[in-house]
Amino acid sequence: MLEELLVTVRSNPKIDPSLGVWSWEIPVYLFMGGMTAGIMLFASLMVLLAREEEFPFVARKLPLWAPIALSVGMLFLFLDLSHKLYVWRFYTSFQPSSPMSWGSWILILVYPVSILLAACTLRQGYPWLGRLVDRFAIGTAILDFSCRHRAVVAQWGLVLAVFLGFYTGILLSAFSARPFWNTGFLAPLFLVSGMSAAAALVLLGTRNEHERHTFTRIDIVLITVKLALIALLLVNLATGSGVQIEASQMVFGGEFAIPFWVFFIIPGVMLPLILEYWELKGRRRAWMFISPVLALYGGYMLRHLTVDLGQTSSYLNYVNAFDPALLDLLR
Amino acid sequence: MIRYGMVIDTQLCIGCGDCVVACKTENKLPAGLNRDWVVEATRGRYPDLTTEFRSERCNHCSHATCVHTCPTGASHLWKDTNIVLVDAAKCTGCKACIAACPYDARLIMTPDGYIDKCTFCHHRVEKGEDPACVSSCPTHCMHFGILDEPSSAVSRLLASRQQKVLLDETGNQPNVYYLI
């Protein structure tokens, strides 16, 4: 037996008794970042494969949601910072060993490319917005420029989307101090999940039957791959070092078992998979908005639980005996 | 690189917590925040128990994952040493360094929000003095010095006694040693 007690008080806020420095803002940022990656990937592929006529929503309406989702994500990243006035410091240096520094600079590249990717679609996808932008000379110049260089923008969009999707996972998996995060499966898992979230957006937005059918099939494949990656991640942890085995046990009967299985795997992965399969078979078509909503919910929950699980898993096992309520007894 | 280290004799430490009070006083830490702490570790099964007291803090690791993960360079090494400091004027409060530290040795400074940690009292080290926790220890169980200097007190202690470091398996190469 080994029992380790803290003799002196250690109750640093958000560090003790267990790490909780990242709340819901970071999961929202990771979710939005992943969705942006998925949107850009699909939108770029449509341009590069010349399938724009076949998939009108993805080609003309979806791209605008990339910079919007990215902006929302970055807003929540900003909200999470505890020393906000110094946010500009991200862009005064590049730290090659820091995944977050890579991410900051990748976002700087992703932003203009996502805007250019969307710009060329505005006149057709959102005519009122296109007319609004066309009122300004600089707006017209940007729209024309983006259409002239559509293929190059799409090539950059494709590469940066993969980088961004992987980055949202690598950001966490690079923390060797947190056993639940320290696995290479997080990067592909978050990329696939981001693509699934983008496919869910397509299912919610499209009015084209062929597009809906194709993206239902794509989403089924993505959710299946996501499920396989989650299983591999858990196998990887459950057969890893002692602290990783302990971390995996949190989802197999520990405090995270119910959130993980009841609030994530069943409603966020299994249900959308079954519903989308039924939709493909022509059943329950009146419910077809439910499966993408559940898939989006599953995408967020994946990040939220991963962030929480990683912070809870630790090399340390101190019993923090400090109980502020006891102080009241002394008064 | 000059490698500073701390050597703490667990046979002499009585867990009084003076090191914690000295740190808070020297570094004017706000109420509720601590850069160091004392752990009582009990092993065995009653009645065959052994207890050791350990004064713990940032290990100023040779492979400091907190420094590597900092996106702005706010977490850095002091001069050409292993002493890890945080430059508040560069810190965004992203908290990546906190997540990167396996010892949970970092804290969020209130009310400002930048990340704070043990500095090995580098302002005292600069003047040739020991960190406040070492100076205040009533049982003289704590020692501070240059680890790679064979004649230093810390090197001689490490050469003469069995020792351990915390969480060696993380690969962070900590520089706070415990004599056992």
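Notes on the structure in this doc start here. In this text the structure is predicted, and so the values were computed from the model without any measurement.

1. Description of the overall build of chain B
Item 1. Tallying secondary structure elements over chain B gives 6 helices and 10 strands in all.
Item 2. Rg of the C-alpha trace for chain B: 16 Å, near the compact-globule value of 16 Å for 180 residues, within the 12% margin.
Item 3. The principal-axis extents of the C-alpha atoms in chain B amount to approximately 50 × 40 × 30 Å.
Item 4. When burial is assessed residue by residue, chain B has 60% of its 180 residues classed as buried.
Item 5. In chain B, of all internal contacts separated by at least 6 residues, the share reaching a separation of at least 24 is 57%.
Item 6. Element-wise, carbon and sulfur atoms account for 52% of the exposed surface of chain B, whose accessible area totals about 7,300 Å².

2. Some remarks on the state of the cysteines
Item 1. Counted under the stated rule, the structure contains 1 disulfide over all chains.
Item 2. With its sulfur 2.2 Å from that of its partner, Cys120(A) forms a disulfide with Cys147(A). Given an S-S torsion of about 115°, the disulfide between Cys120(A) and Cys147(A) has right-handed geometry. With Cys120(A) in the loop between helix H4 (99-119) and helix H5 (122-125) and Cys147(A) in helix H7 (residues 137-148), the pair connects residues that are 27 residues apart, well separated along the chain.
Item 3. Between Cys66(B), a cysteine without a disulfide, and Cys58(B), which holds the nearest cysteine sulfur, the sulfur-to-sulfur distance is 6.1 Å.
Item 4. Given a relative accessible area of 8%, Cys66(B) falls into the buried group.
Item 5. Cysteine Cys133(B) shares no disulfide, and the gap to the nearest cysteine sulfur, in Cys121(B), comes to 6.1 Å.
Item 6. Cys133(B) gets classed as buried once you look at its relative accessible area, which sits at 6%.

3. Some words on the interface of chain B and chain A
Item 1. Contact with chain B, which involves 50 residues of that partner, is made by 43 residues of chain A.
Item 2. Taken together, the links from chain B to chain A amount to 2 salt bridges.
Item 3. Close ionic contact of Asp104(B) with Arg178(A) constitutes a salt bridge, the shortest N to O distance being 2.7 Å.
Item 4. For the pair chain B and chain A, the interface holds 18 residue pairs in polar contact (both at pLDDT 80 or more).
Item 5. For the side of chain B that touches chain A, the secondary-structure elements that each account for two or more residues are strand E2 (37-45), strand E3 (48-56), helix H2 (65-69), helix H3 (96-100) and strand E6 (107-108) of chain B.
Item 6. Looking at the side of chain B that touches chain A, the element that brings in the most residues is E2(B), giving 8 residues.
Item 7. Residues belonging to the side of chain B that touches chain A are distributed by class as follows: 25 nonpolar, 15 polar and 10 charged.
Item 8. Alignment of strand E1 (residues 2-6) of chain A against E2(B), held across 5 bridges, turns out to be antiparallel. Bridge pairing links Leu5(A) to Glu40(B) in E2(B).

The rules behind the values
- Residues numbered from 1 in each chain as written.
- Chains lettered and ligands numbered in written order.
- Predicted model: local features only at pLDDT ≥ 70, side-chain atom pairs only at ≥ 80, totals over all residues.
- Heavy atoms only, no water.
- Helix = DSSP H or I, 4+ residues; strand = E, 2+ residues; numbered from the N terminus.
- Rg over C-alpha atoms; globule rule 2.2 N^0.38 Å.
- Buried < 20%, exposed > 50% of the residue type's maximum accessible area, 1.4 Å probe, protein only.
- Contact = heavy atoms within 4.5 Å.
- Areas by Shrake-Rupley, 256 points an atom, 1.4 Å probe, with all protein chains shown as cover.
- Disulfide = S-S within 2.5 Å.
- Salt bridge = Lys/Arg side-chain N within 4 Å of Asp/Glu carboxyl O.
- Polar contact = N/O pair within 3.5 Å; in protein donor to acceptor, adjacent residues only side chain to side chain.
- Nonpolar A, V, L, I, M, F, W, Y, C, P; charged D, E, K, R; others polar.
- Pairing = 2+ DSSP bridges.

From the geometry alone we can't say anything about function, so treat these as descriptive.
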